[in-house]
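# Chain and residue survey
So you can see what is in the structure, the chains are spelled out below.
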Amino acid sequence: MTNISAAWRLETGIDERRLPVVADVDVAVVGAGAAGVAAATVAAESGATVVIVEKYGFAGGAAVAGMSGTICGMYLASDDGARPEQIIHGFTERFSGELRVRGGLTAPQPYGKTFTAAHDPLVWREAADHLLTSAGVRILFHTQVIDVVADQGTYRGLVIASNAGVGIIRAARVIDASGDGAVVARGGGAYRFGADGRIQNPTMFFRLGNVDCAAFWAAWGPNTISPQWVSDAIGRARQAGMDLPRNKIWIFDTTRRNELLVNATRLTAPDGRMLNVIDPEDFTIAEIEGRRQVREYARFLAESVPGCAQAFVVDTGVEAGIRQTRTIDGITTLSDDDVVNGVKRHDSICRSPWPIELHDGEKPKLHWLLDDYYDVPYATLVPERGENIIVAGRCLSAEHQALASARVTAQCFEYGHAAAVATLLSLDRDTAYRDLAPRDIQARMIANGSALQTPERQEVQ
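Just so it is clear, the model here is predicted, and its values are computed rather than measured. (Residues numbered from 1 in each chain as written. Predicted model: local features only at pLDDT ≥ 70, side-chain atom pairs only at ≥ 80, totals over all residues. Heavy atoms only, no water.)

### A few points about the domain arrangement of the chain
By the assigned domains, the chain splits into domain 1 (18–199 + 323–454) and domain 2 (205–316). Look at where the C-alpha atoms of domain 1 and domain 2 centre, and you get two points 28 Å apart. Of the residues lining the interface, 32 residues belong to domain 1; the matching set on domain 2 comes to 25 residues. At the boundary of domain 1 with domain 2, total buried surface from both sides reaches about 2,200 Å², with 62% on carbon and sulfur atoms. Counting across the interface, domain 1 meets domain 2 through one salt bridge. A salt bridge links Arg256 to Asp120; the shortest N-O distance between them is 2.9 Å. Scanning the region where domain 1 abuts domain 2 turns up four residue pairs in polar contact (both at pLDDT 80 or more). Sorting the residues of the side of domain 1 that touches domain 2 by element identifies strand 4 (109–111) and strand 5 (114–118) as the ones contributing at least two each. The greatest single-element share of the side of domain 1 that touches domain 2, amounting to three residues, is contributed by strand 4. (Domains from an automatic or database assignment. Contact = heavy atoms within 4.5 Å. Buried area = accessible area lost by both parts, 1.4 Å probe. Salt bridge = Lys/Arg side-chain N within 4 Å of Asp/Glu carboxyl O. Polar contact = N/O pair within 3.5 Å; in protein donor to acceptor, adjacent residues only side chain to side chain. Helix = DSSP H or I, 4+ residues; strand = E, 2+ residues; numbered from the N terminus.)

Next up, the structure:
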């Protein structure tokens, strides 16, 4: 592999050997979303020196900046749907508990054939702050990774930039929790975009205030996914000239009085082409178009849905909600068939019962995994090329439709948990990520509360 530091020196004229060393740590975590917070917290609590780098002034990633607003992926789906059955625990449950004690998480809400819970984005930030600082993580908000320090395919650290200037983080191990595989990409690792370059549409969430929620839910019905009469009303409004690209929309209760969380937009370029938000021009189009569509959907709700006549837009996401960008080429790839068939694996580090929720094309596609789940193998987090680096989050190695299930928040917490445990074992044993035994990672995760069914545990039962 190319020595990226040398390439960076040639391109920029800056010699990283002359840059100040901002930190010299065991573990550098890039991105403070669900996966990054889990990874940094677990690693630091076990005694590793950890720094986390985040471009915003707060933790949360897609959950907060993108206002995705729900912790999806905790509960089984069923045609019965009488009550939520939680099968994801571990760090996911730990973080959910931090939200609950602060009044920042709703009770489970019906979502199609499963359930999800909505969180308060401000409380999410505060819970993350508490966990990171209590664990002793060094937090660098308002900081971006602009390159890596690497030697013949082995990652040695990061080149970072902030208003203070450019500097170096030396790190024995790097966890790429950027969501975009940004560190892997900058280090020359292999990746792809969706199915032959086609990725899922971004969206723009918004919060709607001053809603008569009693009247709204009486008309809307018990499920957060829009009933048929709403989809039909959207179709009529579109024919009358309103720009409402999605007929099927999702609305959730929040922890705040008289407020709803709305997921309604579909963001494409003016000519209808797919947007890849790795490109800042496409990202900009998504932001501007997203805010415009929010106003259209808010107007539709005010004019057509009971309880919303006096409602107003409280806020949109700080950024468009990103569902998919880069997917790394990992040692193992989660396949579409693995998800559809509920494949169980001996090397699992996470379960997922979430449906294939594919936002690619004219309307969302949902494929439910009824009364079942699949296992996500450890090696989907390990890049095919490169040493001393592991990923956590939606950039794991997965086929296009598989990722449309595996990318959600509950699973991202557990990917971060797994990446931290693997990192600690890698450091303790001076062993490459690719050479670790998954059963050793599983054992520590189970001790931390994760729900995993290993062959050894099945024998005991």
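Now that the structure is up, let's keep going.
### Thoughts on the environment of Val137
Tracing the chain through its elements places Val137 in the loop between helix 4 (121–135) and strand 6 (138–140). Exposure remark for Val137: the relative accessible area of 8% places this residue in the buried category. It is 9.9 Å that separates the C-alpha atoms of Val137 and Val29, two residues lying 108 residues apart in sequence. With residues near it in sequence (within four places) discarded, Val137 still touches Ala40, Thr41, Ala44, Val50, Ile52 and Leu132. (Buried < 20%, exposed > 50% of the residue type's maximum accessible area, 1.4 Å probe, protein only.)

### What about the sheet that holds strand 4?
The strand order across the open sheet formed by three strands is 3-5-4, and the pairing between neighbours is antiparallel. Looking at strand neighbours, the two that pair on one side only are strand 3 (70–71) and strand 4, the edges of this open sheet. Both strand 3 and strand 5 contribute to a ladder of two bridges, which runs antiparallel. Within the sheet, the bridge partner assigned to Ile71 lies in strand 5 and is Ala117. (Pairing = 2+ DSSP bridges.)

### Overview of the packing of aromatic side chains
The final tally for this structure, using the stated rule, is 13 aromatic pairs. Geometrically, the ring pair formed by Tyr111 and Trp368 is edge-to-face, given 6.3 Å between the ring centres and 65° between the ring planes. Here the residue Tyr111 occupies a position in strand 4, and Trp368 occupies one in the loop between strand 18 (365–367) and strand 19 (374–377), the gap between them amounting to 257 residues. In terms of burial, Tyr111 and Trp368 fall into one category: buried. Where Tyr191 meets Phe193, the ring centres are 5.7 Å apart and the plane angle is 85°; that geometry is what we call edge-to-face. Owing to a relative accessible area of 34%, Tyr191 belongs among the partly exposed residues under this scheme. By the ring-pair criterion, three or more aromatic residues cluster together here, those being Tyr111, Trp250, Phe252, Trp354 and Trp368. The ring of Phe58 has Arg125 lying over it, and the distance from NZ or CZ to the ring centre is 4.9 Å. Residue placement shows Arg326 over the ring face of Tyr191; its charged tip is 5.2 Å from the ring centre. (Phe/Tyr/Trp six-rings, centres within 6.5 Å; stacked < 30°, edge-to-face > 60°. Lys NZ or Arg CZ within 6 Å of the ring centre and 35° of its normal.)

### Thoughts on the packing of helix 2 (residues 34–45) against helix 3 (residues 90–101)
In contact at an axis separation of 11 Å, helix 2 and helix 3 are set at 100° when each is read in the N-to-C sense. Compared by their axis directions, helix 2 and helix 3 come out roughly perpendicular. Along the contact surface, helix 2 presents Val37, Ala38, Thr41, Val42 and Glu45, while helix 3 presents Phe91, Arg94 and Phe95. Classifying every residue of the contact of helix 2 with helix 3 by side-chain character gives five nonpolar, one polar and two charged. (Axes fitted to C-alpha atoms, helices over the stretch in contact; angles between N-to-C directions. Parallel < 35°, antiparallel > 145°, perpendicular 65-115°, else oblique. Nonpolar A, V, L, I, M, F, W, Y, C, P; charged D, E, K, R; others polar.)

### Here's the deal with helix 6 (residues 213–220)
Among all positions of helix 6, only Cys213, Phe216, Trp217 and Trp220 are buried. For helix 6, the angular spread of buried residues about the axis comes to 90°, placing them on one side. In helix 6, the exposed positions that point more than 90 degrees away from the buried face belong to Ala214 and Ala218. Just downstream of helix 6 lies Gly221, where phi reads positive at about 105°. (Arc of directions from axis to C-beta.)

### Thoughts on unusual backbone geometry
Here the phi dihedral of Asp196 falls at roughly 55°; this positive angle occurs in a residue that is not glycine. Topologically, Asp196 is positioned in the loop between strand 10 (191–193) and strand 11 (206–209). Accessibility expressed as a relative area gives 87% for Asp196, which makes it exposed. Unusually for a residue other than glycine, Asp371 sits at a positive phi of about 55°.

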